[in-house]
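So the chains spell out like this:
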Amino acid sequence: MSSKASSSRGGESIVADCGRNTTTCGYCKSPTPSSISHGLWTERLTVYDYQALLDRGWRRSGCYLYKPEMAKTCCPSYTIRLRASDFVPSKEQQRVRRRLERFLDGELDLKPRERTEDPVVSVSEPVRKSLGSGKREQNNEVEPILKDLSELIDNAVQRCIQSGELPSNIQLPKSSVKKVLSAKRKKLAEGSEELLYTSNIAFPIVAALKQTSQNGEGSNILSPETISEKLLSEMNKVGEFTGLAIKVCKGHINFFSATSAEREQGESLISATTTTTAKSSSNNLQVSKRKLEIHLKRSSFDPEEYKLYKRYQLIVHNDEPDSISRKSYTRFLVDTPLIEVDGDDDENVPPCGFGSYHQQYRVDGRLIAVGVIDILPKCLSSKYLFWDPDFASLSLGNYSALQEIDWVKQNQAHCSTLEHYYLGYYIHSCNKMRYKAAYRPSELLCPLRYQWVPFEVAKPLLDKKPYSVLSDFTKAFLSPAPQASETLAKSTSERKDMEMNNSNEDSDSDSSRNGIDINNILISLNGARLRYKDLLRIMNMAVREQVESMFISYRKVVGAELSERMLYELQ
């Protein structure tokens, strides 16, 4: 995008250089300031310039732009994206879709029940209804129950992966729930006359972890007892309708029939809280369907969204109440520097336009999730999602990602350049962030040459060390392809940038200054617009030495094209 094209659609970008920022790390929890990045502040940024910044490894938090210093920071963060038209959903991602569809059809009821002191969890209303009508043995009636319980465990496994309690770099087996014959009940649990179903999923998970350890990819192996306890804890957080009590014993996850008192309490709670009714007739089950609505709106403060955000942070992330304020929320998720571009009838812009948006997910009018996204000329960039903890079993994070990928596919008809879905940063050294690679086929941005490298090529390199120049190894694995060799600029000056990024970024030597041309950096000084070469004529030598290293650093992190296009505000 040329400077004229950029400025003609919404004005001009203005940035202030914040320089290097060093803080403690929220990923590795380092007690020392080990997270190192370069920062820019902007209140005016064109969507075209932000797209170019994304393709150089930048991200935004409100109006603050940041780019990790990859070779120095403790947890290197690689920009990850996928081409929406090439996306192939995994079996687990397909299950997430089907589960939400079953919820909307009224087959699942995920409202939580009140917590009890006993560490047990209960399952969905269809299971309770099936069990409450008597001890039926027919296969066509038992199978839905087993499928429901298997999904309950599989969702718990996925949440353990996302929280980092289980590794994400190996394929873990799916759960299998079996009906317990009366002859085997006492072998699985003491006092188990009411034990109905069981799963031994913890044992194949341990086997998979041991296999990975033998291959040199892991070490600390959890026991079946520990894994089953972790899964129980995750299921306990969800807490669906009463019907079955879940406990663990000797590594097995056991499902017991509820006592009559528990059933009565569950029936009372259901009638008091659920908005969807399920009534039994003599021959069939009649259920009311729910309505899911997805609304896309420009980024702005919404009290209902803020209320949901507070609840999400308190319950899901265990934030302290005093740490959540309207000001911090607005600065993080509402404020945006992106200059809006309206859709109108322009064939190169989607109907909604370009800019920052909040995508609301509502079920029967109730707000259950909000996705914070940026819609740019080449991509939809996912920034943040917060959701109602009552609906944790729906895996709304995964579901919203699938919806956003679908949105890109649908809007390519209006904007041919809108091809990719950006998932933010992928951090291989942090288990909690590895889940993003499950959206395939994905690409990681090389931190030196800004080329896109297939994840399958990058993964073996990152397994060896957290920071790697990914593009060095691309040709050894793949023949060149346009999608895997894009770069922001291919000029001689850009290639010099690549070489300079390998050198010490703090160097003030003459050779460092001579390596990068900063003469054409666009500057704003006291309301005047000028290039750096023009500024030299009015600066004395002392001031020149002071600002020159600053401009060199800026030129290196944004590149030649953007440094000559965005207006650098010199205070």
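Please read all numbers here as calculations on a predicted model, not as lab measurements.

Let's talk about the overall build of the protein
And then number 1: Along the protein, the regular secondary structure elements total 18 helices and 21 strands.
And then number 2: Here the protein holds 571 residues, and 50% of them are scored as buried.
And then number 3: Relative to all contacts within the protein whose residues are 6 or more apart in sequence, the contacts with residues 24 or more apart total 67%.
And then number 4: Put simply, the protein shows about 27000 Å² of open surface, and 48% of that area lies on carbon and sulfur atoms.

Observations regarding helix H13 (residues 455-464)
And then number 1: The complete set of buried residues in H13 reads Phe-455, Val-457, Ala-458, Leu-461 and Leu-462. In an axial view of H13, the angular spread of the buried residues amounts to 150°, which keeps them on one side of the axis.

A look at the pairing of strand E14 (residues 366-375)
In regular strands, side chains alternate between the two faces of the sheet.
And then number 1: When you tally the buried positions in E14, you get nine out of ten residues, the bulk of the element.
And then number 2: Between the end of strand E13 (residues 355-363) and the start of E14, which pair antiparallel, lie two residues, with Asp-364 showing a positive phi angle near 50°.
And then number 3: Sheet analysis places E14 next to strand E15 (residues 379-387), joined by seven bridges and oriented antiparallel. Bridge pairing in E15 links Ile-373 to Ser-382.

A word on the packing of aromatic side chains
And then number 1: Scanning all chains against the criterion turns up 19 aromatic pairs.
And then number 2: With a centroid separation of 5.1 Å and 70° between ring planes, the pair formed by Phe-332 and Tyr-384 is classed as edge-to-face. Placement of the pair is Phe-332 in helix H11 (residues 326-334) and Tyr-384 in strand E15, with a sequence separation of 52 residues.
And then number 3: Ring-pair connections join several aromatic residues into one group, and the members of that group are Phe-301, Tyr-306, Tyr-309, Tyr-329 and Phe-386.
And then number 4: One cation-aromatic arrangement involves Lys-247 over Phe-256; the distance from NZ or CZ to the ring centre is 6.0 Å.
And then number 5: Positioned over the ring face of Phe-301 is Arg-326, at 3.7 Å from the centre of the ring.

Remarks on the sheet that holds strand E9 (residues 252-257)
And then number 1: Spatially, E6-E7-E9-E8 is the arrangement adopted by the four strands of the open sheet, whose pairing is antiparallel. Lying at the two open borders of the sheet, with one neighbouring strand each, are strand E6 (177-179) and strand E8 (244-249). Across the sheet, the axes of successive neighbouring strands diverge by a mean angle of 30°, strand direction being ignored.
And then number 2: Two strands pair when backbone bridges link them, and strand E7 (residues 195-199) and E9 are joined in this way by four bridges, in the antiparallel orientation. Within the sheet, the bridge partner assigned to Leu-195 lies in E9 and is Phe-256.

Remarks on the pairing of strand E20 (residues 528-531)
And then number 1: One ladder, built from four bridges, connects strand E19 (residues 522-525) with E20; its direction is antiparallel. Opposite Ile-523, over in E20, you have Leu-530 as the bridge partner.
And then number 2: In this structure, the hairpin formed by E19 and E20 is closed by a connection of two residues, where Asn-526 is found at a positive phi of approximately 55°.

What to know about helix H18 (residues 541-563)
And then number 1: With 23 residues, H18 should reach 33 Å at 1.5 Å per residue; the first-to-last C-alpha distance of 23 Å falls well below that figure.
And then number 2: The sharpest bend along H18 reaches about 80° and sits at Val-557.
And then number 3: Sitting at the head of H18, Asn-540 places a side-chain oxygen 2.8 Å from the backbone nitrogen of Val-543.

What to know about the packing of helix H10 (residues 303-315) against H11
And then number 1: Where H10 meets H11, the closest approach of the two axes is 11 Å, and the angle between their N-to-C directions is 100°. In terms of orientation, H10 and H11 fall into the roughly perpendicular class. Counted together, Glu-305, Tyr-306 and Tyr-309 of H10 and Arg-326, Tyr-329, Phe-332 and Leu-333 of H11 form the full contact between these two elements.
And then number 2: Partitioning the contact of H10 with H11 into residue classes produces five nonpolar, no polar and two charged.

Definitions and cut-offs
Residues numbered from 1 in each chain as written. Predicted model: local features only at pLDDT ≥ 70, side-chain atom pairs only at ≥ 80, totals over all residues. Heavy atoms only, no water. Helix = DSSP H or I, 4+ residues; strand = E, 2+ residues; numbered from the N terminus. Buried < 20%, exposed > 50% of the residue type's maximum accessible area, 1.4 Å probe, protein only. Contact = heavy atoms within 4.5 Å. Areas by Shrake-Rupley, 256 points an atom, 1.4 Å probe, with all protein chains shown as cover. Arc of directions from axis to C-beta. Pairing = 2+ DSSP bridges. Phe/Tyr/Trp six-rings, centres within 6.5 Å; stacked < 30°, edge-to-face > 60°. Lys NZ or Arg CZ within 6 Å of the ring centre and 35° of its normal. Axes fitted to C-alpha atoms, helices over the stretch in contact; angles between N-to-C directions. Expected span 1.5 Å × (residues − 1). Bend = angle between axes of the 7 residues up to and from the residue. Polar contact = N/O pair within 3.5 Å; in protein donor to acceptor, adjacent residues only side chain to side chain. Parallel < 35°, antiparallel > 145°, perpendicular 65-115°, else oblique. Nonpolar A, V, L, I, M, F, W, Y, C, P; charged D, E, K, R; others polar.

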